[in-house]
Amino acid sequence: VVAADGIHSSSRNLAGITFKEHDYQQQAVACIVRTALPHGEIARQRFLTHGPLAFLPMNSAHQCGVVWSTLPEHAAVLLNMDAEEFNQTLQTAFDNTPGEVLESERRGCFPLRRAQAERYCKERFVLVGDAAHSVHPLAGQGANLGFLDVASLAQLVLSARDKNKDYASQRVLRAYERWRKLENHMMMMALEGFKYTFENQSPPVQILRNKALDFANSIVPLKHTIMRHAMGLSGDLPALVKQNIA
């Protein structure tokens, strides 16, 4: 059984696997908006005092998905605003970069947590995606990590099957767990570092952070390395992903 039923996985709970969570004491307000200026297929993000605000491009040139991570009390205020006030608040918070926010669809809200299952597998049972782990959405890595879980599991299962071995054995599933749990944990910690660094209002921390970003941006090979890792194009990748990159 492959459990891919999300962060509130009933399958994981029925299997008795502990899911260790760290509550960030933040909530994300999400909706779809239409803007006056085209997004140009570029994802944009501003790091505000209480969390990042992201405009994520969608198929329509003037349509973006918005995710605003903030304190619970501020999230409640945003949810209770009428459409006109919310659109203006959103536009101002993003420094008018997308132009006027013309329309916004129904807003939703969800709590932000870092979480990791104590185990990714049991006897003939395995977790993938949000059922196994959850990360802060500031870099949009949740889906990427889930896809890499699936590709890694598929590689190990198919390899065992081709060798006429039991592809659901603990040996195979534990190999998947060791592979992906470490990779996912590293990404979790990296995102947590970004989160707390950008939220820190100490002037020395802000100066060091900005200088580090300027340095990374000025060294093109370093910048490309970071970008490739964020896009899931480098690291300990499964063969299926490497084939698609090639």
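Let us look at the structure shown here. (Residues numbered from 1 in each chain as written. Predicted model: local features only at pLDDT ≥ 70, side-chain atom pairs only at ≥ 80, totals over all residues. Heavy atoms only, no water.)

### Focus: the pairing of strand β3 (residues 44–48)
Put simply, the test is: What makes two strands pair is DSSP finding at least two bridges between them. Under the scheme used here, helices are H or I runs from DSSP no shorter than 4 residues and strands are E runs no shorter than 2 residues, and both carry numbers assigned from the N terminus.
In this sheet, strand β4 (residues 51–57) lies alongside β3 in antiparallel orientation, the contact comprising five bridges. Residue pairing for β4: Leu 48 is matched across the bridge by Gly 51. Hairpin connection between β3 and β4: a loop of two residues separates the two successive antiparallel strands.

### Quick look at the nonpolar core
Going by this rule: To form a nonpolar core, buried Ala, Val, Leu, Ile, Met, Phe, Trp, Tyr and Cys residues must be joined to one another through side-chain atoms within 4.5 Å. Any residue under 20% of the maximum accessible area for its type is buried, any over 50% is exposed, and the rest in between are partly exposed; the area is computed with a 1.4 Å probe on protein chains only.
Residues Ile 17, Ala 117, Phe 125, Val 126, Leu 127, Leu 153 and Tyr 176 are the most contacted members of the largest nonpolar core, which totals 17 residues. At three residues, strand β9 (residues 125–127) tops the list of elements feeding residues into this core. Ala 75, Met 81, Phe 86 and Val 101 belong to the second largest nonpolar core, which has 16 residues in total.

### Quick word on the side chain of Ser 134
Condition: In the analysis that follows, any N or O atom pair within 3.5 Å is treated as a polar contact, provided that within protein one partner can donate a hydrogen and the other can accept it, and provided that, for residues neighboring in sequence, both atoms belong to side chains. Note on definitions: a residue-residue contact is assigned when non-hydrogen atoms from the two residues lie within 4.5 Å.
Along the chain, Ser 134 turns up in strand β10 (residues 133–134). The class of Ser 134 is buried, set by a relative accessible area of 11%. One polar contact links the side chain of Ser 134 to the main-chain carbonyl oxygen of Arg 113, over a distance of 3.3 Å. When residues no more than four places from it in sequence are discounted, the contact partners of Ser 134 are Ile 7, Arg 113, Arg 114, Ala 115 and Met 188.

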